[in-house]
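Chain and residue survey
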Amino acid sequence: MDFLNLEFNWLDAIDLLIVIVLIIQLYRLLKGSLAFNIFLGLCVIYVIFFVVKALKMTILTTLLQGIINVGIIAIIVIFQPEIRKFLLVLGKKTPLSKDSFFTKLFLPDKFKSYKEEESIINEITTAVTHMAHAQTGALIVIANTYRVKFDTASSINIDANISAKLIESIFEKNSPLHDGGLIIVGNKILAAKVILPVSENPNLPTRIGLRHRSAVGITEHSDNLAIIVSEERGTISYAQDGILTMDISPEELKIKLYEVLVDGM
Ligand SMILES: Nc1ncnc2c1ncn2[C@@H]1O[C@H](COP(=O)(O)OP(=O)(O)OP(=O)(O)O)[C@@H](O)[C@H]1O
C-alpha cells in the first residue's frame, strides 16, 4: 500500500499493531500510579527532543540527547517494579501459560476441576461477609507467588488450610494476631500480623486510613489481590495493580476471587 508517499506493507501494519498493544499494556500497568506521572514527563522530553531535532536546534538537541542517553538507565532503575510486572504479564500470555489460547483450546474448562479453588473462594467470601456485618477490620492478601516478600520481623507464620472460621478468629478484636495483614498463598494461610508497605499514591481518597493504603501498597509492585474490610464502616473493598475498588458486595467479591483464583491474575 502507498500511503502519503510512504511504503506501507503488511509487516508495517503488524509492527504498528504490536506498538499499539505495548502502549496500551504500558498504560494499563502505570495508570493511577506515581510512575504514570514520571512516564508522562519522559514522553514530554521525547516530544521536545524530536521537535528541536527537526528544527535543527543543535545545542538543545545535544543537551536533550544527553538526558535521553542517561535517561535509559534511569528508566530501568525507576521503573524496575513496573518492568518486572510487565514481563510477568507477558510471561502469562505465552502459548503454554494457564490462561493462554492454546491451553484453553486443548484443555477446555469443562475438563478442569476447580473444586479446591471454589472451596477457597467460598471460605474467604464467607469470612469477609461475616466480618463486614460485624464491623471487624480485616486485610487479606492473596499472593500469586510463593516468593511473596513481606516483613517477617513482626509476622507470625501459620501455614494452615484456608477456612472461614480461622480467618474470622484471626481478625477477632481480642486476637493477638488481628493487627496487620493475613497472607494467603495457594491453598494455605501463610502468615498473619504482617506489616505491609503503605502506598504513597497521592490520588487515593483522603478519607481512607492505613489499612486501605497498605492494601494498595502491597498490590502496586506485585501480582497480589488485597481484600479489605473496614472496621469503621463495615464495607468490603479490594486493591489490585495499585488500584482501590471500594464498597463492593459479597457477590462482586466472589466474582473477583473467581477471576483471580480460577481464571488467573
Ligand atoms: N502497614 C500496615 N500493614 C498492614 N496493616 C496495617 C498497616 N498499617 C495499619 N494497618 C492495620 O490497619 C489498622 C488501622 O487502620 P486505619 O483505621 O488506619 O485504616 P482504615 O483504612 O481507615 O481502615 P478502617 O476503615 O478499618 O478504619 C491497624 O490497626 C492495622 O491492623
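The rules we used
Residues numbered from 1 in each chain as written. Predicted model: local features only at pLDDT ≥ 70, side-chain atom pairs only at ≥ 80, totals over all residues. UniProt positions renumbered as here; feature names shortened; annotations may be inferred. Near = placed C-beta within 6 Å. Helix = DSSP H or I, 4+ residues; strand = E, 2+ residues; numbered from the N terminus. Nonpolar A, V, L, I, M, F, W, Y, C, P; charged D, E, K, R; others polar. Buried ≥ 20, exposed ≤ 12 C-beta atoms within 10 Å, placed from the backbone. Pairing = 2+ DSSP bridges. Axes fitted to C-alpha atoms, helices over the stretch in contact; angles between N-to-C directions. Contact = placed C-beta atoms within 7 Å.

Labelled according to an unreviewed UniProt entry, the protein appears under the name Diadenylate cyclase, originating from Chitinophaga skermanii. The Sequence similarities (unreviewed entry) field of the UniProt record for the protein holds the comment "Belongs to the adenylate cyclase family. DacA/CdaA subfamily."

So, about the site of the ligand. Residues in contact with the ligand amount to 18 residues; listed here are only the nearest, G209, L210, R211, S230 and E231. Per element, the largest residue contribution to the shell around the ligand is 4 residues, and it comes from helix α8 (residues 210-220). Taken together, the residues of the shell around the ligand break down into 6 nonpolar, 7 polar and 5 charged.

The subject of this paragraph is the pairing of strand β3 (residues 138-143). Burial within β3 is extensive, with 6 of its 6 residues counted as buried. Residues A138, I140 and I142 of β3 are buried on one face, and the alternating residues L139, V141 and A143, pointing to the opposite face, are buried as well. Relative to strand β7 (residues 224-229), β3 runs antiparallel, the two being bridged by 6 bridges. Opposite A143, over in β7, you have N224 as the bridge partner.

Moving on, we come to the sheet that holds strand β6 (residues 188-194). The strand order across the open sheet built from 7 strands is β4-β6-β5-β3-β7-β8-β9, with neighbouring strands paired in mixed fashion. A strand with exactly one partner marks an edge of an open sheet, and here the two such strands are β4 (156-161) and β9 (243-248). Along the sheet, successive strands turn relative to each other by an average axial angle of 20 degrees, direction set aside. Across the sheet, α8 is in contact with β3, β5 (181-185), β7, β8 (236-240) and β9; its angle to β7 comes to roughly 170 degrees.

What follows concerns the environment of S237. Take S237: it is sitting in strand β8. In this structure the C-alpha to C-alpha distance between S237 and I227, which are 10 residues apart in sequence, comes to 5.9 Å. Residues within four places of S237 in sequence aside, it is in contact with H212, I228, L244, T245, M246, D247 and I248.

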